[in-house]
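# Close look at the chain arrangement
Residues per chain are reported as follows:
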Amino acid sequence: MSKKRQKPKTLLRDILETVNDGVVIFDADDRLVLCNSRYEALYAPVAAQLVPGVTCEEICRAWGEKGLFDQKGGSVEAQVRSRLEKHRNPQGPFELHTTERSVRIFERITEDGYNIGTHTDITAWKRMERAFQEYESRLPSTVRKTADRYWTMDTEFRFTTLVDYPDSTIIASPNSYIGFTRWEAVGANPDSDDAWAKHREDLLAHKPFEDFRYTSDDGFGGEYHMSVSGTPQYNRTGEFIG
């Protein structure tokens, strides 16, 4: 006896549940079609409003009514307008800071006018970044000059933070790497390059690495040579966070 074929929408929902990030889909009228449980968890305070048919604006205003927008971002109305502008005219990844957490959001509009968004929780990384910056500010300048760039990655090894030091010699903009893996950012292919394959294996095994070297295009017809080192990070419960 053959198994009953799943309906497309049910199948899509099941697929979205396998994704670690929050994923949400709005239709051409900006009404919620569906979202996965990770998205609901990220925005738990307004989970009751996350029902099919609700608009993105209604979700944003529900968030504002609960006082959950970051107070540093201005008035609630200003933050709602800012969020809707980025939602309706996506220009690449951006960060949303609330009283609950920090989230990196990437949205795109399909040919049919649907808006598909991925929401990555970067709260732990923002805390680490602040702690690092505080620590780094106390270091002697001679120590700070031994590195050009500080970076962090998420559990999928995509860049979440790239901070160039004042005396950095790296030409490529750090913002151009956010949301990409190291090999994607420089156009390398771990499936056909042994060195990159080994680097990817070390990351997947959550191993620390030192002095991994590679060459990349600097965007101006030249190239630059990089040497990078990194260590895996875990939260208080021992869960790998990047």
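Per chain, the residues get numbers from 1 upward, laid out in the order the sequence is written. In keeping with the model being predicted, local features are shown solely for residues with a pLDDT of at least 70 and side-chain atom pairs are shown and tallied solely at 80 or more, while totals for entire chains, interfaces and linings include all residues. With hydrogens and water excluded, all non-hydrogen atoms of the structure serve as input to the side-chain values.

What makes a nonpolar core is a set of buried Ala, Val, Leu, Ile, Met, Phe, Trp, Tyr and Cys residues whose side-chain atoms join them at distances within 4.5 Å. Throughout this description, buried means an accessible area under 20% of the type-specific maximum (1.4 Å probe, protein chains only), exposed means over 50%, and partly exposed covers the range between. Formed by 23 residues in total, the largest nonpolar core has its most connected members in L32 and Y43. Should any heavy atoms of two residues lie within 4.5 Å, those residues are counted as being in contact. Those residues within four positions of Y43 in sequence are excluded, and the remaining contacts are L50, W63, L96, V103, I105 and H119.

It is worth spelling out empty space enclosed by the protein at this point. Lining residues are defined by having an atom within 4 Å of a point belonging to a cavity or pocket. Those points lie on a 1 Å grid over the protein atoms alone, cavities being sets where a 1.4 Å probe fits but cannot get out and pockets being open sets with protein on both sides within 12 Å along at least five of seven lines. Grid points are joined across faces, edges and corners, and a volume is the space filled by probe spheres set on the points. Tallied over the full model, the rule gives 1 cavity of 30 Å³ or more. The space that makes up the largest cavity amounts to roughly 170 Å³. Contributing to the lining of the largest cavity are 14 residues, with Y43, I59, C60, R83 and L96 lying nearest its centre. When contributions to the lining of the largest cavity are tallied by element, the ones reaching two or more residues are β1 (22-26), α3 (56-65) and β4 (102-109). At 4 residues, α3 tops the list of elements feeding residues into the lining of the largest cavity. A run of DSSP states H or I qualifies as a helix once it reaches four residues; a run of E qualifies as a strand once it reaches two. Both are numbered from the N-terminal end.

This part is about the environment of I178. Looking at the secondary structure, you find I178 in the loop between β7 (159-164) and α7 (182-186). Considering only alpha carbons, one finds I178 and R158, 20 residues apart in sequence, at a separation of 7.1 Å.

Time to look at the packing of α3 against helix α4 (residues 76-88). Two elements in contact, α3 and α4, have axes separated by 10 Å at closest approach and are oriented at 150°. Judged by the inter-axis angle, α3 sits roughly antiparallel to α4. For α3 against α4, the interelement crossing comes out right-handed. Contact with α3, carried on its side by C56, E57, C60, R61 and G64, involves V76, E77, V80, R83, L84, H87 and R88 of α4 and no other residues of that element. Residues are grouped as follows: Ala, Val, Leu, Ile, Met, Phe, Trp, Tyr, Cys and Pro are nonpolar; Asp, Glu, Lys and Arg are charged; every other residue, Gly included, is polar. Here the residues of the contact of α3 with α4 sort into 5 nonpolar, 2 polar and 5 charged. Axis definition: a line fit to C-alpha positions, over the contact stretch in the case of helices; interaxial angles, taken between N-to-C directions, run 0 to 180 degrees. Orientation is classified from the angle alone, with under 35 degrees giving roughly parallel, over 145 giving roughly antiparallel, 65 to 115 giving roughly perpendicular, and any other angle giving oblique. A clockwise turn of the near helix away from the far one marks a right-handed crossing, whereas an anticlockwise turn of less than a right angle marks a left-handed crossing.

Should DSSP find at least two bridges between two strands, the strands are taken to pair. Taking strand neighbours across the sheet as the criterion, the 5 strands line up as β2-β1-β5-β4-β3 in an open arrangement whose pairing is antiparallel. The outermost strands of the open sheet, each flanked by one partner alone, are β2 (32-35) and β3 (94-97). Averaged over neighbouring strand pairs, the angle between their axes works out to 25° when direction is ignored. Pairing analysis gives 7 bridges linking β4 to strand β5 (residues 115-121), with the strands arranged antiparallel. By the bridge assignment, I109 is partnered in β5 with N115. Along the sheet, α4 makes contact with β1, β3, β4 and β5, crossing β4 at roughly 40°.

Turning next to α3. Along α3, the residues that are buried comprise C56, I59, C60, A62, W63 and G64. Residues of α3 that are buried in the fold lie against β1, α2 (37-42) and α4. Backbone geometry just downstream of α3 places G67 in the positive-phi region, at approximately 70°.

Among the secondary structure elements, W183 is positioned in helix α7. Using a relative accessible area of 11% as the deciding quantity, one classes W183 as buried. In the structure, W183 is positioned 13 residues away from W196 in sequence and 7.4 Å away in space, judged by C-alpha atoms. Leaving out residues up to four positions away in the same chain, W183 has contacts with A188, P190, W196, H199, R200 and L203.

On to the pattern of salt bridges. A pairing counts as a salt bridge when a side-chain nitrogen of Lys or Arg comes within 4 Å of a carboxyl oxygen of Asp or Glu. Enumeration according to the criterion identifies 13 salt bridges in this entry. Ionic pairing is found between R158 and D21, a salt bridge with its closest N-O pair at 2.8 Å. Of this pair, R158 sits in the loop between β6 (149-153) and β7 while D21 sits in the loop between α1 (8-16) and β1, and the two are 137 residues apart along the sequence. A single burial state applies to R158 and to D21, both of which are buried. Residue D121 pairs with R38 through a salt bridge whose shortest N-O separation is 3.9 Å. Of this pair, D121 sits in strand β5 while R38 sits in helix α2, and the two are 83 residues apart along the sequence. For D121, a relative accessible area of 25% corresponds to the partly exposed category. A relative accessible area of 31% places R38 in the partly exposed class. Shared partners join several salt bridges into a network, and the residues in it are E57, R61, E77, R81 and R88.

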